[in-house]
Structure formats: structure tokens, C-alpha cells
Amino acid sequence: MMSRRAFSGLAAGASALAAAAGGAWPARSALAASPGLRDYGKAPEFTGIDKWLNSEPLTMKGLSGKVVLVDFWTYSCINCIRTLPHVVRWYETYKDRGFTVVGVHSPEFAYEKLTRNVQDAIERFNIRYPVAQDNGFATWRAYSNQYWPAFYLADSSGQVMRQHFGEGEYAEMDAAIQALLARRPAA
């Protein structure tokens, strides 16, 4: 597992490398005209979750039909804290249009594993969306994730269409959410 400090330098280099290489996976031709959207494959299921907060247990399959932002975070990470106002705003803005956020709380330190501490953070940051406590990093590993914060945006069929690691690109993520909501089949 990588420390937050090591991530800062690596994230900047990885972003530049990915941009230069055209991203990690090839885009489907139909998506090539959608900047920032690329088919990264099926979103993995939530697995090994210790406790669900703000929700009953969820599955990606059960969220079919919704646009889903999976946010890997931990409550004492300053980079994660700085992203939370944006994530909360996206949830509050789009939740009635077929969008949800699932915060996957994956602790870096032992004290971050305590449910009471996570609940206190949820209240402090005004988080109303579901939070999965991933103390054993099972969902983290299912996504092959390496960073805090990390965002995986899945379309209504469960395909991950955008990834972002670290802070920033808030306008781009908002535009991607809107684009995927516009593509949802009529209910």
C-alpha cells in the first residue's frame, strides 16, 4: 500500500503518462467523441464490506439502471477531505435523476477502522449517500485501486466509464456525470 505522500508525486506523473499514452484501456469507437469517457470494463461488485452506513447493503447489480460514482476515501486523508464537498454536491444535485454515490471507506490507519469514527466523519462532512466500510480492503483489491481518493464512475449498465485519482477535475467529473445521466434509458 502506498502512503499519501508517495501518492502525491506519483499521481501527477501517472496523469501525465496516461494522457500521453491515451489512457489505460482502449476506448470503444462510439465513446471516442465523448471526452473523458472511456470503457474501463465492468465495475466490480462490493465485496468483504464490514458495515454499510447510511444504507442497507448494496450491489452493483442492484444499482443497475443508475449512474454510480464509487469513491474510495478515508476520513483523515486531507486529499479526501478536500474532495468531499464536490462529492456531496454531486450526490445532492443528481440523486433524483438516477445517480448515486457509494463511498468506500478504506482506512489507512488503525483508528480509521472504528465504525464510530467513520460515523462521526459522515456527520461532520454531511454525507447522506451510502458508505461501505472496507476495513479488509476487499473491494479496494477488487477495483485494483491504489490511491486515496479514487473515483470510478459507472454508467447505468455498470461499465466504468471514467476514473480519476486524487483531487481536481471537478468540472470534468460533473460533465461526465451529466453525460452518463443523459444516456440512461428512459424508465
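In this text the structure is predicted, and so the values were computed from the model without any measurement.

Trainee: So what exactly am I meant to see when it comes to the packing of helix α2 (residues 78–94) against helix α5 (residues 170–182) here?
Mentor: Between α2 and α5, whose axes approach to 11 Å, the crossing angle comes to 20 degrees. The pairing of α2 with α5 is recorded here as roughly parallel in orientation. Note that α2 runs across α5; the crossing there is right-handed. Residues Arg82, Thr83, His86, Arg89, Trp90 and Tyr94 of α2 touch α5, and the partners they reach there are Tyr170, Met173, Asp174, Ile177, Gln178 and Leu181. Here the residues of the contact of α2 with α5 are counted per class, giving 6 nonpolar, 3 polar and 3 charged.

Trainee: Please clarify how the state of the cysteines should be interpreted in this entry.
Mentor: Within the structure shown, the criterion is met by 0 disulfides. Cys80 provides the cysteine sulfur closest to Cys77, a residue in no disulfide bond, and the two sulfurs are 3.1 Å apart. Residue Cys77 is classed as buried on the basis of its relative accessible area of 0%.

Trainee: Which parts of the structure should I look at to understand the environment of Ala179?
Mentor: Residue placement: Ala179 occurs in helix α5. For the pair Ala179 and Asp155, spaced 24 residues apart in sequence, the C-alpha to C-alpha distance is 9.5 Å.

Trainee: Just to check I follow, could you spell out the environment of Pro130 for this structure?
Mentor: Here Pro130 is to be found in the loop between α3 (115–124) and β4 (131–133). Sequence separation between Pro130 and Pro57 is 73 residues; the distance between their C-alpha atoms is 8.8 Å. Leave out the neighbours within four places in its chain, and Pro130 touches Trp52, Leu53, Asn54, Ser55, Leu58, Thr100, Val101, Val102 and Gly103.

Trainee: Looking at this model, I keep getting lost on the side chain of Arg162. Mind explaining?
Mentor: Here Arg162 lies in strand β6 (residues 160–165). The class for Arg162 is buried, based on a relative accessible area of 6%. A polar contact is formed between the side chain of Arg162 and the side chain of Glu169, at a distance of 2.7 Å.

Trainee: Please explain the nonpolar core as it appears in this structure.
Mentor: For soluble globular proteins, the rule of thumb is that nonpolar side chains tend to be buried together. If you look at the biggest cluster of nonpolar residues, it comprises 53 residues, and the most contacted ones within it are Phe46, Leu69, Trp90, Phe99, Ile127, Tyr129 and Leu153. When neighbours within four sequence positions are excluded, Tyr129 is seen to be in contact with Leu53, Asn54, Asp71, Leu84, Val87, Val88, Tyr91, Val101 and Gly103.

Trainee: How should I be thinking about the pattern of salt bridges in this particular structure?
Mentor: Opposite charge on two side chains allows them to pair when their charged atoms are near. Under the definition given, this model contains 7 salt bridges. Between Arg116 and Asp120 there is a salt bridge, with the nearest N and O atoms lying 2.6 Å from each other. Note that Arg116 and Asp120 are positioned in helix α3 at a spacing of 4 residues, about one turn of the helix. In the salt-bridge network here, residues are joined through shared partners; they are Glu92, Lys95 and Arg128.

Trainee: Help me out: how do you make sense of α3 in this one?
Mentor: Each turn of an α-helix holds 3.6 residues, which means side chains three or four residues apart point in the same direction. Of the positions making up α3, those classed as buried are Val118, Ala121 and Ile122. The arc that holds the buried residues of α3, viewed along the axis, is 100 degrees, so those residues lie on one side. Turned more than 90 degrees from where α3 packs its buried face, Glu123 and Arg124 sit exposed. On the buried face of α3, the contacting elements are β1 (51–53), β3 (99–105) and β4. After α3 finishes, the residue Asn126 shows a positive phi value of roughly 60 degrees.

Parameters and conventions
- Residues numbered from 1 in each chain as written.
- Predicted model: local features only at pLDDT ≥ 70, side-chain atom pairs only at ≥ 80, totals over all residues.
- Heavy atoms only, no water.
- Axes fitted to C-alpha atoms, helices over the stretch in contact; angles between N-to-C directions.
- Helix = DSSP H or I, 4+ residues; strand = E, 2+ residues; numbered from the N terminus.
- Parallel < 35°, antiparallel > 145°, perpendicular 65-115°, else oblique.
- Left-handed = near helix turned anticlockwise from the far one by under 90°.
- Contact = heavy atoms within 4.5 Å.
- Nonpolar A, V, L, I, M, F, W, Y, C, P; charged D, E, K, R; others polar.
- Disulfide = S-S within 2.5 Å.
- Buried < 20%, exposed > 50% of the residue type's maximum accessible area, 1.4 Å probe, protein only.
- Polar contact = N/O pair within 3.5 Å; in protein donor to acceptor, adjacent residues only side chain to side chain.
- Core = buried A, V, L, I, M, F, W, Y, C linked by side-chain atoms within 4.5 Å.
- Salt bridge = Lys/Arg side-chain N within 4 Å of Asp/Glu carboxyl O.
- Arc of directions from axis to C-beta.

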